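So the chains spell out like this:
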Amino acid sequence: MKKAIFNELIELEYPEEFVELNQEENEKYFSGDLLRLSFQDKEKHILLSLAKSKNSFINRLINVASVINGSLSVLEKNLKDYESLGGWQATIMDRISITECFSYVTNEEGIKQYGEFSAFKIRNAFYTVYCICRFEEKEESKQLFKRFIDSFKYVES
């Protein structure tokens, strides 16, 4: 596993065969002006991404469920043949997190994809995680997604 540091706060691990995406590649897959770190295995068509919202006092008043619901409505509106597949509550880095699963069909190739979207909050910012793979490979990819998220830990100072 390779290691990376996100926002000087979170240390994480990702598989050796993955490459880090540059800003232009991130913009191809994600919208919004967020600090983002993403990795891709082009051969297996797997994408892992961690993003952080801007710090804001108002974020202290908003909960993770609100962020998830807002993001899911955007996904539903923007993704072709979007379907919600359920979710769960857990912890990421000792923070309450919510994960929602979904599927959609890519616009360009018409390939069905599976995704997991997670959100958690640290102080006055929200962190979101997208893990995406081909739908038919979701069962084996779920283990990779879990290892990726479970590797998150605070950077030791």
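Residues numbered from 1 in each chain as written. Predicted model: local features only at pLDDT ≥ 70, side-chain atom pairs only at ≥ 80, totals over all residues. Heavy atoms only, no water.

A. Main features of the overall build of the protein chain. The secondary structure content of the protein chain amounts to three helices and ten strands. Mapped from its N terminus to its C terminus, the protein chain presents α and β elements in the order β-β-β-α-β-β-α-β-β-β-β-α-β. Against the globule reference of 15 Å for 157 residues, the protein chain gives a C-alpha radius of gyration of 15 Å, in line with a compact fold. Structurally, the protein chain occupies a C-alpha span of about 40 × 35 × 30 Å along its principal axes. Residue pairs in contact within the protein chain that sit at least 24 positions apart in sequence constitute 49% of those at least 6 positions apart. (Helix = DSSP H or I, 4+ residues; strand = E, 2+ residues; numbered from the N terminus. Rg over C-alpha atoms; globule rule 2.2 N^0.38 Å. Contact = heavy atoms within 4.5 Å.)

B. Quick look at a nonpolar patch on the surface. On the surface, Phe57, Ile58 and Leu61 cluster together into a nonpolar patch covering about 360 Å² of accessible area. Within the element layout of this structure, Phe57 appears in the loop between β5 (46-52) and α2 (64-78). (Patch = residues over 30% accessible without salt bridge, like charges linked within 9 Å, V, L, I, M, F, W, Y side chains within 5 Å. Areas by Shrake-Rupley, 256 points an atom, 1.4 Å probe, with all protein chains shown as cover. Salt bridge = Lys/Arg side-chain N within 4 Å of Asp/Glu carboxyl O.)

C. Region of the structure containing the confidence of the model for the protein chain. Overall, the predicted model of the protein chain reaches an average pLDDT of 94, with 100% of residues at or above 70. By mean pLDDT, the top-scoring element of the protein chain is strand β2 (residues 10-14) (98), and the lowest-scoring one is helix α1 (residues 23-29) (89). (pLDDT = per-residue confidence, 0-100.)

D. Region of interest: the sheet that holds β2. Strand order in this open sheet of three strands is β1-β2-β10, and the pairing throughout is antiparallel. Two strands close off the open sheet at either side, each with one partner strand: β1 (2-6) and β10 (153-154). Bridge count for β1 against β2 is five bridges, and the pairing is antiparallel. For Lys3, the partnering residue across the bridge sits in β2 and is Glu13. (Pairing = 2+ DSSP bridges.)

E. Here's a closer look at the sheet that holds strand β6 (residues 80-92). With antiparallel pairing, seven strands are arranged side by side in an open sheet as β3-β4-β5-β9-β8-β7-β6. Two strands bound the open sheet, and with one partner strand each, they are β3 (19-20) and β6. Pairing of β6 with strand β7 (residues 95-105) involves nine bridges; the strand directions are antiparallel. Within the sheet, the bridge partner assigned to Ala90 lies in β7 and is Ser97. Relative to strand β8 (residues 112-122), α2 is tilted by about 155°, and along the sheet it contacts β6, β7, β8 and β9 (125-134). This element, helix α3 (residues 138-150), spans β4 (35-41), β5, β6, β8 and β9 of the sheet and lies at about 155° to β9. (Axes fitted to C-alpha atoms, helices over the stretch in contact; angles between N-to-C directions.)

F. Expanded view of the pairing of β9. Along β9, ten of the ten residues are buried, which leaves the element largely enclosed by surrounding structure. In this sheet, β9 lies alongside β5 in antiparallel orientation, the contact comprising six bridges. Note on β9: the bridge partner recorded for Leu50 is Val129. (Buried < 20%, exposed > 50% of the residue type's maximum accessible area, 1.4 Å probe, protein only.)

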